[in-house]
Amino acid sequence: MATDKAAGARSALPLDQILSGDCIDVMNSLPANSVDLIFADPPYNLQLKGELHRPDNSKVDAVDDAWDQFSSFRAYDKFSRAWLKAAHRILKPDGAIWVIGSYHNIFRVGAALQDQGYWILNDVVWRKSNPMPNFRGKRLTNAHETMIWAAKSDSGKYTFNYEALKELNEGTQMRSDWVIPICNGNERLKDANGQKAHPTQKPEALLHRVLVGSSKPGDVILDPFFGSGTTGAVAKRLGRHFIGIEREAKYRKVAEARIAKIRRHDRDALEVTQPKRAEPRVPFGHLVERGMLTPGDQLHSFNGRYKAKVRADGTLVAHDARGSIHQVGAILEGAPSCNGWTYWCFNRDGQKMPIDVLRQQVRSEMREN
């Protein structure tokens, strides 16, 4: 019944579409508790004063669009509270939100997040490996932006693919400072005149890490400030659904053309490393029941020092030691514990194979079913 309700809520959503209009109005029109993850890149309210020039006197193409301008901090705070309230309503109870900003706005947004009941999980520093220089030479070079990752509430069971992020980081726990270059080169979208199609286009690498780490294939990802469509492009490629909201027609056109060219990765490629506790349990006895190992078969310790015989009930016997694959291994090694799945091996075509290979074969079959 719960699955039917979830499917019904999803079918009512405008999946994989870019919606026109004000993000607050559009979000208020969507069903409550229907979105898995929100990535928001709101206006930064940069408060630029005058033109900015390089040392050669050429003009810097800064963000001076009307959508980034607010009459006061009070007006910006009112806007932030309104869109965060609308976003909170449509997030599922176990949903989460990412908001990116600079020193101009992120502290005000962070306070508004907490006031709306979100529970902050991390602030992530996106350190740009190729930042724009500080041309006036009156301040430090702005070489980073900050992302806030927050759950809908302090009791929300948000998605966190810890092992997947660890693998992305070559087996080391992912930290909260991410070194990723800004969007440039062939990734930077251009308009018909060869100019930037959007002034604040985010790199796909940034969204790839966010979505791999905090969502699952099939999840619904909403971006209320869709811009050039980076969130949608990465979501589609990674097998997630997206909902984009963008009031500027020229940006919707750019995003639609961009996403139309994206092809979704195949199912096997979308699988990510899961924590061992998330894997289905497979007792050693199941391998015996299925004939993958038979009573009387001989197992060898990985270090080659010990042998044990498989019994009909899925236990082992070796000398005076009897018990599970873990218990017998621990007794033989004189150790307090032992992981029998990696300790014991069997012979296949003259090759020594850990019995865990058989367990993974069963798990693979269980996932397919």
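Residues numbered from 1 in each chain as written. Predicted model: local features only at pLDDT ≥ 70, side-chain atom pairs only at ≥ 80, totals over all residues. Heavy atoms only, no water.

**Q** What am I meant to see in the packing of aromatic side chains here?
**A** Each aromatic ring pair is described using two quantities: the centre-to-centre distance and the angle formed by the ring planes. With the rule as written, the count across this model stands at 11 aromatic pairs. Ring centres of W98 and W149 lie 5.3 Å apart, and the angle between their planes is 10°; on these two criteria the pair is classed as stacked. Of this pair, W98 sits in strand 3 (residues 91-101) while W149 sits in strand 5 (residues 144-151); the two residues are 51 residues apart in sequence, bridging distant segments of the chain. Take W98 and W149: they sit in the same class, and that class is buried. Both rings, one in F226 and one in F242, keep their centres 5.7 Å apart while their planes meet at 15°; by these two values the pair is stacked. With F226 in the loop between strand 7 (220-223) and helix 7 (230-237) and F242 in strand 8 (residues 241-246), the pair connects residues that are 16 residues apart, well separated along the chain. By the burial criterion, F226 is buried, and F242 matches it. An aromatic cluster of three or more residues is present, and its members are W98, W149, Y158, F160, Y162 and W178. Across from the ring centre of W126, 5.1 Å away, lies the NZ or CZ of K128, which sits over that ring. Here the basic side chain of K352 rests over the ring of F302, its NZ or CZ set 5.1 Å away from the ring centre. (Phe/Tyr/Trp six-rings, centres within 6.5 Å; stacked < 30°, edge-to-face > 60°. Helix = DSSP H or I, 4+ residues; strand = E, 2+ residues; numbered from the N terminus. Buried < 20%, exposed > 50% of the residue type's maximum accessible area, 1.4 Å probe, protein only. Lys NZ or Arg CZ within 6 Å of the ring centre and 35° of its normal.)

**Q** Got a minute to help me understand unusual backbone geometry in this structure?
**A** For residues that are not glycine, phi is negative in most cases, and the peptide bond is trans in most cases. In the Ramachandran plot, D16 falls in the positive-phi region, its phi being about 55° despite a non-glycine side chain. Structurally, D16 can be placed in the loop between helix 1 (2-11) and strand 1 (17-20).

**Q** Looking at this model, I keep getting lost on the pattern of salt bridges. Mind explaining?
**A** Pairs can form between side chains of opposite charge once their charged atoms are near each other. Taken as a whole and assessed by the stated rule, the structure comprises 12 salt bridges. A salt bridge links K216 to D219, with the shortest nitrogen-to-oxygen separation between them at 3.9 Å. The exposure class assigned to K216 is partly exposed, which follows from its relative accessible area of 41%. The exposure class assigned to D219 is buried, which follows from its relative accessible area of 7%. A salt bridge links R290 to E365; the nearest nitrogen and oxygen atoms lie 2.6 Å apart. Here R290, found in the loop between helix 10 (284-289) and strand 9 (298-301), pairs with E365, found in helix 13 (residues 356-368); they are 75 residues apart in sequence, far enough to count as distant. For R290, a relative accessible area of 47% puts it in the partly exposed group. Judged by its relative accessible area of 28%, E365 is partly exposed. Residues joined in a network through salt bridges with shared partners are E204, R237 and R258. (Salt bridge = Lys/Arg side-chain N within 4 Å of Asp/Glu carboxyl O.)

**Q** Is there a simple way to explain the nonpolar core in this structure?
**A** The nonpolar side chains of a soluble globular protein tend to be buried, and buried together. Judged by nonpolar contacts, the single largest core of 33 residues is most densely connected at M27, I38, W83, I97 and L222. Elements that contribute at least two residues to this core include exactly helix 2 (23-29), strand 2 (35-40), helix 3 (73-90), strand 3, helix 4 (106-115), strand 5, strand 7 and strand 8. Of the residues forming this core, the biggest block, 7 residues, is contributed by helix 3. The contacts of I97, once residues within four sequence positions are left out, are L37, I38, W83, L84, A87, L91, L113, Y118, I148, W149 and A150. Ranked by size, the runner-up nonpolar core spans 32 residues in total, among them I18, V212, F226 and A233. (Core = buried A, V, L, I, M, F, W, Y, C linked by side-chain atoms within 4.5 Å. Contact = heavy atoms within 4.5 Å.)

**Q** Is there a simple way to think about the sheet that holds strand 1 in this case?
**A** As a general point, the strands of a sheet are linked pairwise by backbone hydrogen bonds and lie either parallel or antiparallel. Spatial strand order, 1-8-7-2-3-5-4-6: 8 strands in an open sheet with mixed pairing. Two strands close off the open sheet at either side, each with one partner strand: strand 1 and strand 6 (177-179). Recorded for the sheet is a direction-independent mean angle of 20° between the axes of neighbouring strands. Taken together, the 3 bridges between strand 4 (residues 119-127) and strand 6 define a ladder with parallel strand orientation. Its bridge partner lying in strand 6, V125 is registered against D177. Strands strand 1 and strand 8 of the sheet are contacted by helix 8 (residues 249-260), whose axis makes an angle of about 175° with strand 1. (Pairing = 2+ DSSP bridges. Axes fitted to C-alpha atoms, helices over the stretch in contact; angles between N-to-C directions.)

**Q** When you look at the environment of K253 in this model, what are you seeing that I'm missing?
**A** With respect to the helices and strands, the residue K253 is situated in helix 8. On a C-alpha basis, the gap between K253 and G229 in space is 9.7 Å, while along the polypeptide they are 24 residues apart.

**Q** Can you walk me through the packing of helix 7 against helix 8 in this structure?
**A** Angle between the axes and distance between the axes are the two parameters that describe a pair of packed helices. One can describe the packing of helix 7 onto helix 8 by two numbers: an axis separation of 9 Å at closest approach and a directional angle of 15°. When the axis of helix 7 is compared with that of helix 8, the two are roughly parallel. The interaxial crossing formed by helix 7 with helix 8 has right-handed handedness. Residues T230, G232, A233 and K236 of helix 7 form the contact with helix 8, whose participating residues are R258, I259 and A260. Its residues placed into classes, the contact of helix 7 with helix 8 shows 3 nonpolar, 2 polar and 2 charged. (Parallel < 35°, antiparallel > 145°, perpendicular 65-115°, else oblique. Left-handed = near helix turned anticlockwise from the far one by under 90°. Nonpolar A, V, L, I, M, F, W, Y, C, P; charged D, E, K, R; others polar.)

**Q** Sorry if this is basic, but what is going on with helix 6 (residues 204-214) here?
**A** Since the α-helix turns once every 3.6 residues, residues separated by three or four places project in the same direction. The element helix 6 is extensively covered by neighbouring structure, given that 9 of its 11 residues are classed as buried. All of the buried residues in helix 6 are E204, L206, L207, R209, V210, L211, V212, G213 and S214.

**Q** I would appreciate a short explanation of the pairing of strand 5 in the present structure.
**A** Counting buried positions along strand 5 yields 7 of 8 residues, so the element is predominantly enclosed. Across 6 bridges, strand 3 lies against strand 5 in antiparallel orientation. Across the sheet, G101 pairs through a bridge with T146, a residue of strand 5. Summarising the sheet, strand 4 and strand 5 pair through 8 bridges and their orientation is antiparallel. Paired with N122 across the two strands is W149, which belongs to strand 5.

Geometric values such as these leave the question of function open.
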